[in-house]
Amino acid sequence: MVKVVGVKFKETGKAYFFAPGKFAPQQGQAVIVETARGLEYGTVAMTEREVGEEEIVAPLKEIVRIATEQDKAQVEKNKKKEQEAFAICEEKILKHKLDMKLVDVEYTFDANKILFYFTAEGRVDFRELVKDLAGVFRTRIELRQIGIRDEAKMLGGIGICGRKLCCSSFLDGFHPVSIKMAKEQGLSLNPTKISGNCGRLMCCLKYEQNCYDEFLKLAPAVGAIVQTPNGKGTVQSVTILKGIAKVMLEGEGENQLMEVNFSDLKILKNNHKNHDNQDADMKELKKLEEN
């Protein structure tokens, strides 16, 4: 077992492990650590604890120091410089007539490197832009192309639920989401209702999927032939979370519609619908899954 402290460099970013060394920082306390990019300013997201050696990336670097007032002042200074760099970079992009959208600018803590994050439809030849920026800032320049999910995470916003975007408030990474999840949860397949501000499927489709997966193991498909305590019938609809199916019973006279618990059903013949429908609507929905 190895003693570690979890440090985040962004409010909603991933926590990285560092050795506490001679320090015992508290949660929320600012620290200076050494990374592949040099010295960085971060916030303790997880206090000291022991984890297995398989959970760390060796060699594990130690915390350099608890952040001082000077360190905090340096961070504020960098933020002001980032705003200036953003405006300058946008001017240079227009000058070089590049088909790209600048999203964010980030200075490393020691100001030895500036990262420019941008989105674009395809590959962009920004070599001349880098030379131009290096001539202005006299430091190392890196342009990094990101996806539209990352753009939404960086810019933030309000979702259709009325709350702050999950990706910009608490998610530390993006999890795979699919149209299949929306279908299994009985949601409308209208793209405007199941897509987020980024134009891709909403991350929250993933939150309850494990529960649906468990219920679906017991649920019959619509159209399935089932045996109920009252006789044989055909499933007309299914309410997954309640564990209930509406079944049209077969028999003499008028057919009877009744609700039956999944546990009281025996599936005689399941009628799985083909989820690989390739019509125009499905092709449009599939675009929402693309990263």
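This section reports on the structure supplied with the text. (Residues numbered from 1 in each chain as written. Predicted model: local features only at pLDDT ≥ 70, side-chain atom pairs only at ≥ 80, totals over all residues. Heavy atoms only, no water.)

### As for unusual backbone geometry
Then, in step 1: Cis geometry is found at the peptide bond from Ala58 to Pro59, where omega equals -5 degrees.
Then, in step 2: Tracing the backbone through its elements, the reader meets Pro59 in the loop between strand E4 (38–51) and strand E5 (63–66).
Then, in step 3: The phi dihedral of Lys97 falls on the positive side, at around 55 degrees, and the residue is not glycine.
Then, in step 4: Its place among the elements puts Lys97 in the loop between helix H1 (69–96) and strand E6 (101–107). (Helix = DSSP H or I, 4+ residues; strand = E, 2+ residues; numbered from the N terminus.)

### Some words on empty space enclosed by the protein
Then, in step 1: Within this structure, the stated rule accounts for one cavity of 30 Å³ or more.
Then, in step 2: Quantified by volume, the largest cavity comes out at close to 30 Å³.
Then, in step 3: Surrounding the largest cavity, Leu171, His175, Val177, Cys203, Lys206 and Tyr207 form its lining.
Then, in step 4: For the lining of the largest cavity, the residue count by class is four nonpolar, one polar and one charged. (1 Å grid on protein atoms, 1.4 Å probe; cavity = no way out; pocket = protein on both sides within 12 Å on 5 of 7 lines; lining within 4 Å. Points joined across faces, edges and corners; volume = space filled by probe spheres on them. Nonpolar A, V, L, I, M, F, W, Y, C, P; charged D, E, K, R; others polar.)

### Concerning the pattern of salt bridges
Then, in step 1: Applying the stated criterion across every chain, the model contains 16 salt bridges.
Then, in step 2: Glu106 is the partner of Lys10 in a salt bridge, and the nearest nitrogen-oxygen pair spans 3.7 Å. Here Lys10, found in the loop between strand E1 (2–8) and strand E2 (15–18), pairs with Glu106, found in strand E6; they are 96 residues apart in sequence, far enough to count as distant.
Then, in step 3: Overall, Lys10 belongs to the partly exposed group, its relative accessible area being 42%.
Then, in step 4: On the accessibility criterion, Glu106 (13% relative accessible area) is buried.
Then, in step 5: Lys113 is the partner of Glu142 in a salt bridge, and the nearest nitrogen-oxygen pair spans 2.6 Å. (Salt bridge = Lys/Arg side-chain N within 4 Å of Asp/Glu carboxyl O. Buried < 20%, exposed > 50% of the residue type's maximum accessible area, 1.4 Å probe, protein only.)

### So, H1
Then, in step 1: Taking 1.5 Å per residue, 28 residues should reach 40 Å; H1 reaches 40 Å between its end C-alpha atoms and fits that length.
Then, in step 2: For H1, the set of buried residues is Asp71, Val75, Asn78, Glu82, Ala85, Cys89, Lys92 and Ile93.
Then, in step 3: Of the surrounding secondary structure, the elements contacted by the buried residues of H1 are strand E3 (30–35), E4, E5, E6, strand E7 (113–119) and helix H2 (127–137). (Expected span 1.5 Å × (residues − 1). Contact = heavy atoms within 4.5 Å.)

### What to know about the sheet that holds E7
Then, in step 1: An order of E6-E7-E8 is seen for the three strands of this open sheet, with the pairing classed as mixed. Of all strands in the sheet, those with a lone pairing partner are E6 and strand E8 (140–145), marking the two edges. Averaged over all neighbouring strand pairs, the angle between strand axes comes to 20 degrees, with direction disregarded.
Then, in step 2: Where E7 lies against E8, six bridges are found, and the strand directions are parallel. The partner of Leu115 across the bridge, within E8, is Glu142.
Then, in step 3: Contacts from H1 reach E6 and E7, with the element oriented near 145 degrees to E6.
Then, in step 4: Here H2 sits on the sheet in contact with E6, E7 and E8, set at roughly 140 degrees to E8. (Pairing = 2+ DSSP bridges. Axes fitted to C-alpha atoms, helices over the stretch in contact; angles between N-to-C directions.)

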